[in-house]
Amino acid sequence: MVKIVADKMFLKLFFDNLGNSTIINRLLRICKLKDLLIIFELCKNILLGNIKIFHKDLNKLRVYEKDLIFLSDKKKSFSQKVNLLKKNIFMFKVLIRIGGNCILNE
């Protein structure tokens with residue numbers, strides 16, 4: 001239970017600073033695997049269709065389908081995943097928005 005609360009707190013930090021890319025990059029630099037695990041699980045659930053998202057967000061994520069598959073793969077290293085998130089900051093912001101709307105509003 002504590003792990004889920006910590007994940008939600010880190011997701012809330014990202015969600016609250018969605019408009020500021022420098023803060024998001026700084027948070028990505030200091031985060032650990034347990035902090036971003038909620039984002040990786042979100043990618044997996046989006047690919048499986050377990051999460052209902054808006055059509056406009058789905059269209060934005062279609063371009064990044066291979067990246068979502070990469071992020072949801074448990075065999076990939078954490079540093080590779082973080083570098084991908086830093087490279088595709090727009091995709092990361094869309095994921096944060098989806099996660100914030102789905103998970104934080106429970």
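Further up the page is the structure itself.
Thresholds applied
- Residues numbered from 1 in each chain as written.
- Predicted model: local features only at pLDDT ≥ 70, side-chain atom pairs only at ≥ 80, totals over all residues.
- Heavy atoms only, no water.
- Helix = DSSP H or I, 4+ residues; strand = E, 2+ residues; numbered from the N terminus.
- Buried < 20%, exposed > 50% of the residue type's maximum accessible area, 1.4 Å probe, protein only.
- Lys, Arg positive; Asp, Glu negative; His and termini not counted.
- Salt bridge = Lys/Arg side-chain N within 4 Å of Asp/Glu carboxyl O.
- Polar contact = N/O pair within 3.5 Å; in protein donor to acceptor, adjacent residues only side chain to side chain.
- Contact = heavy atoms within 4.5 Å.
- 1 Å grid on protein atoms, 1.4 Å probe; cavity = no way out; pocket = protein on both sides within 12 Å on 5 of 7 lines; lining within 4 Å.
- Points joined across faces, edges and corners; volume = space filled by probe spheres on them.
- Nonpolar A, V, L, I, M, F, W, Y, C, P; charged D, E, K, R; others polar.
- Arc of directions from axis to C-beta.

Trainee: Please explain the side chain of Asp-67 as it appears in this structure.
Mentor: Looking at where Asp-67 falls in the secondary structure, it is placed in helix H5 (residues 65–72). Buried charge Asp-67 goes without a salt bridge, the closest partner of opposite sign being Lys-87 at 5.7 Å. Of the polar contacts made by the side chain of Asp-67, one reaches the side chain of Asn-88; its length is 2.9 Å. Here Asp-67 is in contact with Leu-84, Asn-88 and Met-91, once residues within four sequence places are set aside.

Trainee: Before we go on, may I ask you to explain the layout of surface pockets in this structure?
Mentor: In this approach the atoms are scanned with a rolling probe the size of a water molecule, which exposes any empty space left behind. Approximately 160 Å³ is the volume attributed to the largest pocket. Lining the largest pocket, in full, are Ile-46, Leu-47, Gly-49, Ile-51, Ile-53, Leu-58, Leu-61, Arg-62, Glu-65 and Leu-68. Breaking the lining of the largest pocket down by element, the ones donating at least two residues are helix H3 (33–48), helix H4 (55–62) and H5. Broken down by element, the lining of the largest pocket gets its largest block of residues, three residues, from H4. Grouping the constituent residues of the lining of the largest pocket by class yields seven nonpolar, one polar and two charged.

Trainee: Would you mind going over the environment of Cys-31 with me for this structure?
Mentor: Inspection of the secondary structure assignment puts Cys-31 in the loop between helix H2 (21–30) and H3. With a relative accessible area of 7%, Cys-31 lands in the buried category. Residues Cys-31 and Val-82, 51 residues apart in the sequence, show an inter-C-alpha distance of 9.0 Å. Excluding residues within four positions of it along the chain, Cys-31 makes contact with Phe-10, Leu-36 and Phe-78.

Trainee: Explain H2 to me, please; I cannot follow it from the model alone.
Mentor: Note that an α-helix has 3.6 residues per turn; residues three or four places apart therefore point the same way. Ile-24, Leu-27 and Leu-28 are the residues of H2 that are buried. When H2 is viewed along its axis, its buried side chains cluster within an angular range of 100° and face the same direction. Exposed residues on H2 whose side chains face more than 90 degrees from its buried face are Arg-26, Arg-29 and Ile-30.

These values are about where atoms sit, not about what they do.
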